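Here's the letter readout for the chains.
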2 protein chains.
Amino acid sequence: MKTLKDVAQRAGVSTGSVSKVLNGHPSVSEVLKSKVDKAIAELNYRPNMVARSLRTKTTNTVAVMVPTSNDPYFVEFFRGVSLALRDIQCVPMLYSMEFNTDIPVNVIHEVLMRGVDGLIVSTYGWEQDIIDELFRISERLPVVSFKRSFPGTSVHSVNIDDQAGMNKAVQHLIKNGHRRIGFLAAGLDLKTGQDRLNGYRTALEASGIEFDDNLVVDCESFQIEAGYNKVQQLLKRYPRPTAIVGANDALAIGAMKYLESRNLRIPEEIAVMGYDDEPLSTLVTPKLSSVAVPVYEMTRRAVQMIDKALKGELHQAVNEMFPTEVIVRDSTDFSAHAEFEFGRFSR
Amino acid sequence: MKTLKDVAQRAGVSTGSVSKVLNGHPSVSEVLKSKVDKAIAELNYRPNMVARSLRTKTTNTVAVMVPTSNDPYFVEFFRGVSLALRDIQCVPMLYSMEFNTDIPVNVIHEVLMRGVDGLIVSTYGWEQDIIDELFRISERLPVVSFKRSFPGTSVHSVNIDDQAGMNKAVQHLIKNGHRRIGFLAAGLDLKTGQDRLNGYRTALEASGIEFDDNLVVDCESFQIEAGYNKVQQLLKRYPRPTAIVGANDALAIGAMKYLESRNLRIPEEIAVMGYDDEPLSTLVTPKLSSVAVPVYEMTRRAVQMIDKALKGELHQAVNEMFPTEVIVRDSTDFSAHAEFEFGRFSR
DNA sequence: ATGAAAGCGCTAACAT
DNA sequence: ATGTTAGCGCTTTCAT
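Residues numbered from 1 in each chain as written. Chains lettered and ligands numbered in written order. Predicted model: local features only at pLDDT ≥ 70, side-chain atom pairs only at ≥ 80, totals over all residues. Heavy atoms only, no water.

1. Observations concerning the pairing of strand β8 (residues 243-246) of chain A
All names here are of chain A. By the alternation rule, side chains of β8 split into A243 and V245 and I244 and G246, which are all buried. Relative to β8, strand β6 (residues 181-185) runs parallel, the two being bridged by four bridges. Looking at β8, one finds that L184 is bridged to G246. Chirality of the crossover, the property in question, places the unit of β8, helix α11 (residues 249-261) and strand β9 (residues 271-273) among those that are right-handed. (Buried < 20%, exposed > 50% of the residue type's maximum accessible area, 1.4 Å probe, protein only. Helix = DSSP H or I, 4+ residues; strand = E, 2+ residues; numbered from the N terminus. Pairing = 2+ DSSP bridges. Right-handed = clockwise from strand over helix to strand, strands pointing away.)

Here you go:
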């Protein structure tokens, strides 16, 4: 591999000059630049980023930590992050925890050792001690938290208003005439889980419908299987609910699959609503109504925050909220779409 | 940030000794080790990987290049790669092309500049000039190609036998009594696309069914929408096919969605079969029969190849084939499953 | 078994 | 405008 020194020799100039040309330093003459460019081309020289990083203490890498990559949700996440990072000449280092609880704290240290410039992280499922570690690290490099904010700390965030989002979802059902609405809750130990439940509750109360404990069941997980199992409790209530809302799409889909197995028609006998609008919501039958979260835009903004922080343009933690949108499909409104809607899968 | 020099000073030893302790060098006395360990703990020292990389010329990073991350297929891919790389103390640098054709060649150079130790790549959709670049780079570091092999080059590969896989899929349909079987082809400019078509053809011929050009339509893309549109041509054939096979799941699902819109019952009036067994195949109604590809195992093997190559244990390119498995579900066999099958989504 | 010292490839003062 | 030089933090001969 050719080095900068080789280039300098071939061009008959000093290494410092080559470096200046490489970095577009203002005071380089045209003639010097052309000599160096020529030598670079002839030698097919490429700078060694590791050596540069050692000097400049910046690596042009950003660590991206997710609890798992086995979630369709992160498909969009990776796409946005990859693209946005490329625009600022950075590359993502992927740290996928796969719910392996001993990993995060090691990773946090590794991130420091590797000298990444920033960190974008989804702390879903993290324990407090790891969060504390995150606060510590955020003093040393920009950290953006995804879908969870830590007010009063130096951790930035891109977030959505889950309570408002779920409120809108339930409003939609109420507008369609439902008054007995079951709720498949999850993540109640988390703000996001609580917010969704609160959104459900406030929507009911705003319409003068009394909140009924019996219509809420804690699924304890966000997985399809939990929705499938727990919806069975809701069906035993009397009068039976005419609509079911899931704290996320997977729970709603699990519920749908159970209703289907019982030959209950959706939405005629019972309507189902999801939350998050994952791509697969258009692929189940009937297509699932849901609440869309602008994941792609959020990732781009997260990268932008890192970039600004690195440029010293951020003097305090910023927490940005993104809007949600209710997407009405067949599972709550039989006449919603006559035509097949192509999902957001690329293939 | 503390450095190795700080540790040496505090422990009252030389930097070389600290380095030896850090790297588990054989000739270190117990007393030296304990002195150094103590200093490390007291200073909360962490080695600087960048500096180490500059010296050792190894970065403990592996570049992972995919054509797009917006594909449910890569969910499993990332999971396997992440986990396996972690086992060998490496971290993936994610290069997601997002079908941006000018990116790959730049990325190939960047990979070199960043000094990554290896490269795992899905060359789906790549032009020959970029492939050539890949061959060149494979002389300098281990490269493993995913689902595409390059015999006679130094590029390793993990691959599946698409022809055999598709052959088995069509055999399954024939065994169920089908003789007029439509094929939604795609990627015919690629070996993988050709192989799948050939598998279809050879299965027919082995059962004495004449291959009929009219029952094959080139979808020109692997996307749901193409399946939805192109299946319409197959339905116009006379006699109408009693089964449809997609070159991948998305095409099959697109076809299903069209059949559904025409109120054709699956599988009674027409059976549908996919290929790749993506997670969503269990979530559509009816559940889609498909051919499973061991993506997870393949990624782990890919990482293992990188590891072995790095250790100098691979003296020539290895190309490993993985087996496929026909997964029978409702879309080809009404009695396949009574119970709901939980998919492979984590939530 | 431990230490001294060179150097990986680059950048950034500082000097000219 | 260009060259000289020190040094980023670490590993690795080579001495001792």
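Okay, back to it.
2. Quick word on the UniProt feature "domain: HTH lacI-type" (unreviewed entry) in chain A
When the UniProt feature table is mapped onto this chain, "domain: HTH lacI-type" (unreviewed entry) is found at residues 2-56 of chain A. Helix makes up 69% of residues 2-56 of chain A and strand 0%, with an end-to-end C-alpha separation of 20 Å. (UniProt positions renumbered as here; feature names shortened; annotations may be inferred.)

3. Quick look at the protein's contact with DNA strand D
What surrounds DNA strand D is a group of 26 residues, the closest being S29 and R55 of chain A together with L4, Y45 and R55 of chain B. Near the protein, meaning within 4 Å, the atoms of DNA strand D are sugar or phosphate in a fraction of 66%, with bases accounting for the rest. One of the side-chain N or O atoms of S19 of chain B is found 2.9 Å from a phosphate oxygen in DNA strand D. The side chain of R55 of chain B places a nitrogen or oxygen atom 2.5 Å from a base oxygen of DNA strand D. Of all the secondary structure elements, the ones that give two or more residues to the surface near DNA strand D are α2 (15-22) and α4 (49-56) of chain A together with α2 (15-22) and α4 (49-56) of chain B. Residues of the surface near DNA strand D, tallied by class, amount to eight nonpolar, 13 polar and five charged. (Near = heavy atom within 4 Å. Polar contact = N/O pair within 3.5 Å; in protein donor to acceptor, adjacent residues only side chain to side chain. Nonpolar A, V, L, I, M, F, W, Y, C, P; charged D, E, K, R; others polar.)

4. Thoughts on the protein's contact with DNA strand C
In the neighbourhood of DNA strand C, 25 residues make up the surrounding shell, with L4, Y45 and R55 of chain A together with S17 and S29 of chain B lying closest. For DNA strand C, the fraction of protein-proximal atoms (within 4 Å) that sit in sugar or phosphate groups is 66%. Interatomic distance of 2.6 Å between a side-chain N/O atom of S29 of chain B and a phosphate oxygen of DNA strand C. For the surface near DNA strand C, the elements supplying multiple residues, two or more each, are α2 and α4 of chain A together with α2 and α4 of chain B. The element contributing the most residues to the surface near DNA strand C is α4 of chain A, with four residues.

5. A look at helix α1 (residues 4-11) of chain A
All names here are of chain A. Among the residues making up α1, those that are buried are V7, A8 and A11. Relative to the axis of α1, the buried residues are bounded by an arc of 100° and lie together on one face. Every exposed residue of α1 that faces more than 90 degrees away from the buried side is listed here: K5, Q9 and R10. Once α1 finishes, G12 follows within two positions and takes phi at roughly 65°, a positive value. (Arc of directions from axis to C-beta.)

6. So, the relation of the copies chain A and chain B
If you rotate chain A by 180° and push it 0.0 Å along the axis, it lands on chain B with an RMSD of 0.1 Å. Such a combination of rotation and displacement between the chain copies is what one expects of a two-fold axis. Comparing interface residues between copies, 100% of those in chain A also lie at the interface in chain B; the contact surface is shared. (Least-squares fit on C-alpha atoms with pLDDT ≥ 70 in both. Contact = heavy atoms within 4.5 Å.)

7. A word on the environment of G152 of chain A
Tracing the backbone shows G152 of chain A in the loop between β4 (143-146) and β5 (156-160). Spatially, the C-alpha atom of G152 of chain A lies 21 Å from that of Q163 of chain A, the residues being 11 residues apart in sequence.

8. Some details on helix α12 (residues 295-310) of chain A
Residues and elements named next belong to chain A. Here α12 is 16 residues long and its end C-alpha atoms lie 23 Å apart, about the 22 Å a rise of 1.5 Å per residue gives. Residues of α12 that are buried include every one of V295, Y296, M298, T299, A302, V303, M305, I306 and D307, and no others. Where α12 ends, the next residue or the one after it, G312, has phi of about 75°, a positive value. (Expected span 1.5 Å × (residues − 1).)

9. A few points about the interface of chain A and chain B
Contact residues are listed per partner, giving 64 residues for chain A and 65 residues for chain B. Carbon and sulfur atoms make up 63% of the area that chain A and chain B hide from each other, which totals about 6,500 Å². Along the contact surface separating chain A from chain B lie two salt bridges. Between E110 of chain B and R86 of chain A there is a salt bridge, and its shortest N-O distance comes to 3.4 Å. Where chain A touches chain B, the interface holds 15 residue pairs in polar contact (both at pLDDT 80 or more). Elements that contribute at least two residues to the side of chain A that touches chain B include exactly α4, α5 (72-87), β2 (91-96), α6 (103-113), α10 (224-235) and α11 of chain A. Top element by residues in the side of chain A that touches chain B is α5 of chain A. It accounts for eight residues. Looking at the side of chain A that touches chain B residue by residue, the classes come out as 32 nonpolar, 16 polar and 16 charged. (Buried area = accessible area lost by both parts, 1.4 Å probe. Salt bridge = Lys/Arg side-chain N within 4 Å of Asp/Glu carboxyl O.)

10. Some thoughts on the packing of helix α8 (residues 162-175) of chain A against helix α9 (residues 191-206) of chain A
Packed helices, taken two at a time, are described by the angle their axes make and the gap between the axes. Residues and elements named next belong to chain A. Closest axis-to-axis distance for the α8/α9 pair is 7 Å, and the angle between their directions is 40°. Two packed elements cross with a definite hand, and for α8 against α9 that hand is right-handed. Between α8 and α9, the contacting residues are D162, Q163, M166, N167, V170, Q171 and I174 on the first element and T192, D195, R196, N198, G199, Y200, T202, A203 and L204 on the second. Partitioned by chemical class, the residues of the contact of α8 with α9 number six nonpolar, seven polar and three charged. (Axes fitted to C-alpha atoms, helices over the stretch in contact; angles between N-to-C directions. Left-handed = near helix turned anticlockwise from the far one by under 90°.)

11. Remarks on the nonpolar core
Grouped together as the largest cluster of nonpolar side chains are 153 residues, with contacts concentrated most on F77 and Y200 of chain A together with F77 and Y200 of chain B. Those residues in contact with Y200 of chain B that sit more than four places away from it in its chain are M166, V170, I181, G182, F183, F211, L215 and V216 of chain B. A63, M93 and L141 of chain A together with V107 of chain B belong to the second largest nonpolar core, which has 44 residues in total. (Core = buried A, V, L, I, M, F, W, Y, C linked by side-chain atoms within 4.5 Å.)

12. Quick look at the pairing of β5 of chain A
Residues and elements named next belong to chain A. Among the five residues of β5, five are classified as buried, and the element is accordingly described as predominantly covered. Residues H156, V158 and I160 line one face of β5 and the alternating positions S157 and N159 line the opposite face, and both faces are buried. Two elements, β4 and β5, share three bridges in a ladder whose sense is parallel. From the neighbouring strand, V144 faces β5, where its bridge partner is H156. Pairing between β5 and strand β11 (residues 319-322): four bridges, direction parallel.

13. Some remarks on the sheet that holds strand β8 (residues 243-246) of chain B
Backbone-to-backbone hydrogen bonds join strands into a sheet, with any given pair of strands oriented parallel or antiparallel. Residue and element names in this part refer to chain B. The strand order across the open sheet built from four strands is β7-β6-β8-β9, with neighbouring strands paired in parallel fashion. Single-partner strands in this sheet number two, and they are β7 (216-218) and β9 (271-273). On average, each strand axis in the sheet is inclined to that of its neighbour by 15°, with strand direction left out of account. Strand contacts of helix α8 (residues 162-175): β6 (181-185), β8 and β9, with the helix running at about 170° to β8, the strand carrying the most contacts. Against the sheet, helix α11 (residues 249-261) makes contact with β6, β8 and β9, and its axis sits at roughly 155° relative to β9, the strand it touches most.

14. Notes on the side chain of D117 of chain A
Mapped onto the elements of the fold, D117 of chain A is located in the loop between α6 and β3 (118-121). Buried charge without a partner: D117 of chain A forms no salt bridge, and the closest opposite charge is R114 of chain B, 7.5 Å away. Looking at D117 of chain A, its side chain comes within polar contact range of the main-chain nitrogen of T59 of chain A, at 3.0 Å. Engagement of the side chain of D117 of chain A in a polar contact is seen with the backbone nitrogen of N60 of chain A, the distance being 2.7 Å. In contact with D117 of chain A, other than residues within four places in its own chain, are T58, T59, N60, T61, L141, P142 and L310 of chain A. (Lys, Arg positive; Asp, Glu negative; His and termini not counted.)

15. Section: the pattern of salt bridges
Taken as a whole and assessed by the stated rule, the structure comprises 38 salt bridges over all chains. Put simply, R79 of chain B and E76 of chain B hold a salt bridge, and the shortest N to O gap is 4.0 Å. You can see R79 of chain B and its partner E76 of chain B sitting in helix α5 (residues 72-87), three residues apart, about one turn around the helix. You can call E76 of chain B buried: its relative accessible area is 14%. A salt bridge links E260 of chain B to K257 of chain B; its shortest N-O distance comes to 3.8 Å. On the criterion of helical spacing, the pair formed by E260 of chain B and K257 of chain B is a turn pair, its members being three residues apart in helix α11. What makes E260 of chain B partly exposed here is its relative accessible area of 33%. Salt bridges linked by common partners bring R10, K38 and E42 of chain A together as one network.

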